[in-house]
Amino acid sequence: PDHYSLSFLVRAATALVAAAAAERPVPGQVNARLLAVSAHGAAVRRGHAADPHVQSGVVSMYAALGDVADARAAFAEIACPDLVCVTAMVGALAAGGDVDAARDLFDGMPLRDHVAWNAMVAGYVHVGKSREALTLFDEMQRAGAAVGEATLVSVLTACAQIGALDRGNWVHWYMRSRRMRMSVTLGTALVDMYSKCGSIAAAREVFDA
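These notes cover the structure that comes with them.

Definitions and limits used
Residues numbered from 1 in each chain as written. Predicted model: local features only at pLDDT ≥ 70, side-chain atom pairs only at ≥ 80, totals over all residues. Heavy atoms only, no water. Helix = DSSP H or I, 4+ residues; strand = E, 2+ residues; numbered from the N terminus. Buried < 20%, exposed > 50% of the residue type's maximum accessible area, 1.4 Å probe, protein only. Contact = heavy atoms within 4.5 Å. Areas by Shrake-Rupley, 256 points an atom, 1.4 Å probe, with all protein chains shown as cover. Lys, Arg positive; Asp, Glu negative; His and termini not counted. Charge placed at Lys NZ, Arg CZ, Asp CG, Glu CD. Expected span 1.5 Å × (residues − 1). Polar contact = N/O pair within 3.5 Å; in protein donor to acceptor, adjacent residues only side chain to side chain. Core = buried A, V, L, I, M, F, W, Y, C linked by side-chain atoms within 4.5 Å. Salt bridge = Lys/Arg side-chain N within 4 Å of Asp/Glu carboxyl O.

1. A few points about the overall build of the protein
Moving on, step 1. A count of helical and extended segments in the protein gives 12 helices and zero strands.
Moving on, step 2. Each helix (α) and strand (β) of the protein, taken in turn from the N terminus, gives the series α-α-α-α-α-α-α-α-α-α-α-α.
Moving on, step 3. Buried positions account for 42% of the 209 residues belonging to the protein.
Moving on, step 4. Of the contacts formed within the protein by residues at least 6 apart in sequence, a portion of 54% connects residues at least 24 apart.
Moving on, step 5. A total of about 11000 Å² of accessible surface is found on the protein, and carbon and sulfur atoms cover 56% of it.
Moving on, step 6. Of note, the protein has its 18 positive side-chain charges centred 5 Å away from the centre of its 20 negative side-chain charges.

Following this line, the structure appears as structure tokens:
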């Protein structure tokens, strides 16, 4: 195997890790974590660990595993990390609770896709910095980044944490105006937001719908 096949191997391991994290069926009941570490080991043994595509994949893989230390170590070895790699690192740091380091990295990105914005907003919510999450969401909209279900779930959670009913109402209006599908995840976030903000009738209306 060369650096191309090892790069795809690392991506496959990352996909299995993500599937396991989401509690989706993993083919053959493979131990996703063991496979991920083995994929990195194979790249090291065969002398392809320094390939930029392999390095980027390894960062994303450890980020998916939640191994922030290993993701940091892999990221530090990359001379010129690409957008996907930096986004994965932002996500790993934010999910690990180190939102200050994640924000420093995020602010230094010349380009940011919606995944990077979502990771940063979710990171703030994760550590209870809901006002910072809502402020960043406003910046995200001004930047013209795509707003999807993952973004709105984080924003609704932030609203629920601080009782920001007006902002929560706005998110509900936004969903209706964009004709977004009311998934179980979005509906649950809305019910949670309305109930924690004291609007039980609205929570029940969403629940019944």
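So much for the structure itself; the text now carries on.
2. Concerning helix α3 (residues 52–65)
Moving on, step 1. A rise of 1.5 Å per residue sets the reference length of α3, with its 14 residues, at 20 Å; its end C-alpha atoms lie 20 Å apart and thus fit the reference within 8%.
Moving on, step 2. Taken residue by residue, α3 has Val-54, Gln-55, Ser-56, Gly-57, Val-58, Val-59, Ser-60, Met-61, Tyr-62, Ala-63 and Leu-65 as its buried positions.
Moving on, step 3. On its buried side, α3 packs onto α1 (3–21), α2 (32–45), α4 (68–76) and α5 (83–95).
Moving on, step 4. The opening residue of α3, the one whose side-chain oxygen lies 3.0 Å from the backbone nitrogen of His-53, is Asp-51.
Moving on, step 5. Looking one or two residues beyond α3, the residue adopting positive phi is Gly-66, at roughly 85 degrees.

3. A closer look at α1
Moving on, step 1. With 19 residues, α1 extends 27 Å from end C-alpha to end C-alpha; this agrees with the ideal 27 Å at 1.5 Å per step.
Moving on, step 2. Packed against the buried residues of α1 are α2 and α3.
Moving on, step 3. Two or three places before Tyr-4, at the start of α1, stands the capping residue Asp-2, its side-chain oxygen 3.1 Å from that residue's backbone nitrogen.
Moving on, step 4. Backbone geometry just after α1 places Glu-23 at a positive phi near 60 degrees.

4. With respect to the environment of Val-147
Moving on, step 1. Here Val-147 shows up in the loop between α8 (130–142) and α9 (149–162).
Moving on, step 2. Spatially, the C-alpha atoms of Val-147 and Trp-117 are 9.3 Å apart, while their sequence positions differ by 30 residues.
Moving on, step 3. Not counting residues within four places of it along the chain, the set of residues in contact with Val-147 comprises Phe-137, Met-140, Gln-141, Leu-152 and Tyr-174.

5. Regarding the side chain of Ser-56
Moving on, step 1. Positionally, Ser-56 belongs in helix α3.
Moving on, step 2. On the accessibility criterion, Ser-56 (9% relative accessible area) is buried.
Moving on, step 3. Among residues more than four places away in sequence, those in contact with Ser-56 are Ile-78, Asp-82 and Cys-85.

6. Regarding the nonpolar core
In globular proteins that are soluble, nonpolar side chains generally tend to be buried together.
Moving on, step 1. If you look at the biggest cluster of nonpolar residues, it comprises 67 residues, and the most contacted ones within it are Val-59, Val-90, Phe-106, Met-120, Leu-152 and Met-193.
Moving on, step 2. Looking at this core, the element that brings in the most residues is α5, giving eight residues.
Moving on, step 3. Setting aside its immediate chain neighbours within four residues, Phe-106 contacts Val-90, Arg-112, Ala-116, Trp-117, Met-120 and Leu-136.

7. Description of the pattern of salt bridges
Moving on, step 1. For the coordinates displayed, the defined rule picks out eight salt bridges.
Moving on, step 2. Among the salt bridges present, the one from Asp-100 reaches Lys-129, with a minimum N-O distance of 4.0 Å. Taken as a pair, Asp-100 in helix α6 (residues 99–107) and Lys-129 in the loop between α7 (114–126) and α8 lie far apart in primary sequence, 29 residues in all.
Moving on, step 3. For Asp-192, the salt bridge is made with Lys-196, and the minimal N-O distance between the two is 3.3 Å. Here Asp-192 pairs with Lys-196, and both are found in helix α11 (residues 184–196), just four residues apart, close to one helical turn.
Moving on, step 4. Under the relative-accessibility criterion, Asp-192 is labelled partly exposed at 28%.

Spatial relationships are all this shows, so hold off on functional conclusions.
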